[in-house]
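Residues per chain, in single letters:
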Amino acid sequence: MDFDKPAETNLFDNAEIVGKKHLRIDGPLKVTGTAPYAYERHDVVEGQLVGFPVGATIAQGRVVSIDAEAARSAPGVRAVVTTLEIDPLDIWNFNVARLFGGDVVEHYHQAIAVVVAETFEEARAAAALVTAEYEQDDGDYDLRAAFERLEGTGEPGTMVGDVDAAFRDAAAVVDQMYHTPSETHAMMEPFASIVDWSNGEDMTVWTSNQMINWNKQALATNFGIAAERIRVESPYIGGGFGGKLWLRADAVLAAIGSREVGAPVKMALPRPFIMNNTTHRSETVQRIRLAADANGKLTGIWHEAASHSLPGGRGEDATAQTPHFYATPSMRVKHHIVEMQLPEASDMRAPGEASGLMALEIAMDEMAEALEMDPVEFRIVNDTQVDPSKPKIPFSGRHFVQCLETGAERFGWADRNTTPGGMREGAWLIGHGVAGAYRGNMTMKSGARAMLSGGKLVIETDMTDIGTGSYTILAETAAETMGLTMDDIEVKLGNSAWPVSSGSGGQFGATSSTAGVYAACVALREKIADELGVEDAEFENGNVVAGDTTTALADLDGQFTAEDSMNFGDFQTEAYLMATFGAHFVEVAVHAATGETHVRRMLAVCDAGRILNPVTARSQVIGGMVMAVGAALSEEMALDTGRGMFANHDLAGYEVAVHADIPEQEVVFLDTLDGVSSPLKCKGVGELGICGVAAAIANAVYNATGVRVREYPVTLDKFI
Ligand code: MOS
């Protein structure tokens, strides 16, 4: 089915199932520990052996030799395969880090060997016996120094209007540097795979991955085998956040080990290995300059940022939102990708905007203060309904002002204290902060199969559920489209044998995959109507109703299967700018003596199209808000600039927000329909929740203390 113009029908506008509250279908399985995660699939294939990785202990250089003799003769060991015995694997598409093979070391903890043994303990013990000699090269790990070197150089980036004149003539100017550290996804379930490539031909992979088809294609390219010979399964995933978009070392090393020993091999990347072996969100250095006139209108936005990457990678474009978010007649926006010899920087929840808004939304607070304007009012004054970087292109839907107004009302914004450091409760300084949220809305072709089978309507697609609620919203879509109930639907996900979907990424999963399931169900309806020889059939209450004839779908069991995909047309990006919006309001308490910061109250108001399920959508948004509390107050990959590695590499040294850090959170959805985005008029929401929140916290800390911190995380040492 082609979606080549905005949805005009009132499709789903009177929905009885879509848009209503439904608890997660997979919830009971997950909370009772019965949802099988990749590493726990003991029953899928017999004779599983255990692999353990060995990582390089230099950041840059060459492996001269590897001594694996002691490991090979250690108890229980079946094989050790070293990187020097394997041709460098092809690097596929988005992955730029070499996963294995050859003597070149591009980053610390790049895999250099895999040990396969009968038990985990034996594999781990033997891995510790592997030693290597290196020729070590110098690396560059200093992004701040790189920014100083690069500022103002290179291609101009996005340029609109006369930005120099804007700053020359401005009534108020903000010009500041901001910094966000590298961050790790810190998902609960580590990267893990069981691979059976025993015969060296057909490969079966039970893994934890957001994008089944990318994973399969990457395996085929890397190992030079036909994609048809590979089956990838990933039905349950314990968090991904972008880290599991790609094929990583767990599946690659397990495959190599499996081929070597002729038996299935399972491998989970040890937590300390994950930080330096896989991907992370790059550190950013950002300079933001804002110019405004005396009426509080922005006249110029100048955002220049840098992030690091391996050669050919994308880093973290902190300027992603800047050309689009606020009305301005002039702008200059530029992102530098700096090649550094660090582990691969790649996507993490809301890549780009999450980091960019951490800076831009502080700068907006600073400008509001300079103009002596309320920061909510300042943002409202600078709203736009067209893309400021391409002024003829409208937003497909933008209700940012409504987010701000609704939030201010709900939060009691008018009652806040406007003098920084001027509100105190005993030992605690109280502050309030606001920030705007912006996250792009993408769509991806997505397919599914729908069939009447076993007394159910069965949906099969390679879509994944990374904890987001895919099972549930796809069942809703199928039930609504076919006139069935939630109990009539069985959704089967995460298997490469099934139609290729969008997968879960870039907050495009819900919009794209529900559209794909809708397309498959429409195809099924048409097949059934054709077969019954009826026209204008209605599918309702479990029946096909056409004129005087009523046929129960249950009576057609086993007779119908249809497959289709939703193809999203170019009109979406050619004629519109699609994005999601939000406003975040936060109350903090900062201890006047110790500087300890507590978040006390959080409110999010979201403009993200039709909300398919208020329960799962809320979970996504509060999950993003929790992640942003970590980003604001504690999360930082500590870079060892001497050795080129991240020194804190476990969840004791890398502090994510935990229950005790999280107060009451309130989420309001405006439920704004967007017919440009999808036939269901929904948009993504899974990444919107992390956007802007950290800046709202930093702004609240400023309001509490009078100290403006522009370096994340906002820790107590920075209040001095
Ligand atoms: Mo997302 S960072 O594309 O999983």
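In this text the structure is predicted, and so the values were computed from the model without any measurement.

Read across the sheet, 5 strands follow the order 17-18-26-27-30 without closing on themselves; strand pairing throughout is mixed. Two strands bound the open sheet, and with one partner strand each, they are strand 17 (424-425) and strand 30 (664-669). Where strand 18 (residues 428-440) meets strand 26 (residues 579-591), 13 bridges bridge the pair, whose relative direction is antiparallel. Note that in strand 26 the partner of Tyr-438 across the bridge is Phe-581. Strand contacts of helix 17 (residues 693-705): strand 18, strand 26 and strand 27 (597-607), with the helix running at about 155° to strand 18, the strand carrying the most contacts.

Domain parsing of the protein chain yields domain 1 (2-35 + 443-574) and domain 2 (392-441 + 578-719). Taking the mean C-alpha position of each, domain 1 and domain 2 sit 33 Å from one another. Mapped by element, the contributors of at least two residues to the side of domain 1 that touches domain 2 are helix 13 (470-482) and helix 14 (509-532). Among the elements that take part in the side of domain 1 that touches domain 2, helix 14 stands out by supplying 5 residues, more than any other. Of the residues that constitute the side of domain 1 that touches domain 2, the class distribution is 12 nonpolar, 10 polar and 3 charged.

Pairing in this open sheet of 5 strands is mixed, and the strands run 8-16-15-14-9 from one edge to the other. Single-partner strands in this sheet number two, and they are strand 8 (158-160) and strand 9 (172-180). For this sheet, the mean inter-axis angle between neighbouring strands, taken without regard to orientation, is 10°. Where helix 4 (residues 143-150) meets the sheet, it contacts strand 14 (284-292), strand 15 (298-309) and strand 16 (331-339), and its direction lies at approximately 130° from that of strand 15. Contacting strand 9, strand 14 and strand 15, helix 10 (residues 353-370) runs over the sheet at an angle of about 150° to strand 9.

So, about the pairing of strand 2 (residues 49-55). Buried residues dominate strand 2, accounting for 7 of its 7 residues. Here strand 2 shows a buried face lined by Leu-49, Gly-51, Pro-53 and Gly-55 and a second buried face lined by Val-50, Phe-52 and Val-54. Bridge count for strand 2 against strand 13 (residues 265-268) is 2 bridges, and the pairing is parallel. Paired with Val-50 across the two strands is Lys-266, which belongs to strand 13. Judged from the 6 bridges that link them, strand 2 and strand 6 (residues 111-117) form a sheet pairing that is antiparallel. When the sheet's bridge partners are listed, Phe-52 is paired in strand 6 with Val-115.

Looking now at the confidence of the model for the protein chain. Residue-level pLDDT values for the protein chain average 97, and 100% of them are 70 or greater. We note a pTM of 0.98 for the whole complex and an ipTM of 0.97 for its interfaces.

What follows concerns helix 7 (residues 249-261). Each α-helix winds once per 3.6 residues, and so residues spaced three or four apart point in a common direction. If you check helix 7, its first and last C-alpha atoms are 18 Å apart, about what 13 residues at 1.5 Å a residue would give, namely 18 Å. Just beyond helix 7, the residue with positive phi is Gly-262, at close to 70°.

Following Tyr-712, the chain continues to Pro-713 via a peptide bond in cis, the omega torsion being -10°. Looking at where Pro-713 falls in the secondary structure, it is placed in the segment after helix 17. With a phi angle near 60°, Phe-241 is a residue other than glycine that sits in the positive phi range. Positionally, Phe-241 belongs in the loop between strand 12 (230-233) and helix 7. One non-glycine residue, Asp-536, lies in positive phi territory at about 50°. Judged by C-beta crowding, with 8 C-beta atoms within 10 Å, Asp-536 ranks as exposed.

Counting residues in each nonpolar core, the largest one holds 218 residues, and the members touching the most others are Val-115, Ala-478 and Ile-697. Built from parts of two domains, this core gets at least three residues from each of domain 1 (2-35 + 443-574) and domain 2 (392-441 + 578-719). Ignoring anything within four residues of it in the chain, the contact list for Ala-478 reads Ala-450, Leu-457, Ile-459, Ile-489, Val-517 and Cys-521.

Here we take up the pairing of strand 26. Strand 26 sits mainly inside the fold: 12 of its 13 residues count as buried. Across 10 bridges, strand 26 lies against strand 27 in antiparallel orientation. Each residue of the ladder has a partner; that of Val-588, found in strand 27, is Val-599. Turn length for the strand 26-strand 27 hairpin, with the two strands adjacent in sequence and antiparallel, is 5 residues, and the turn residue Gly-595 shows positive phi of about 80°.

Procedures and definitions
- Residues numbered from 1 in each chain as written.
- Predicted model: local features only at pLDDT ≥ 70, side-chain atom pairs only at ≥ 80, totals over all residues.
- Pairing = 2+ DSSP bridges.
- Helix = DSSP H or I, 4+ residues; strand = E, 2+ residues; numbered from the N terminus.
- Contact = placed C-beta atoms within 7 Å.
- Axes fitted to C-alpha atoms, helices over the stretch in contact; angles between N-to-C directions.
- Domains from an automatic or database assignment.
- Nonpolar A, V, L, I, M, F, W, Y, C, P; charged D, E, K, R; others polar.
- Buried ≥ 20, exposed ≤ 12 C-beta atoms within 10 Å, placed from the backbone.
- pLDDT = per-residue confidence, 0-100.
- Expected span 1.5 Å × (residues − 1).
- Core = buried A, V, L, I, M, F, W, Y, C linked by C-beta atoms within 7 Å.

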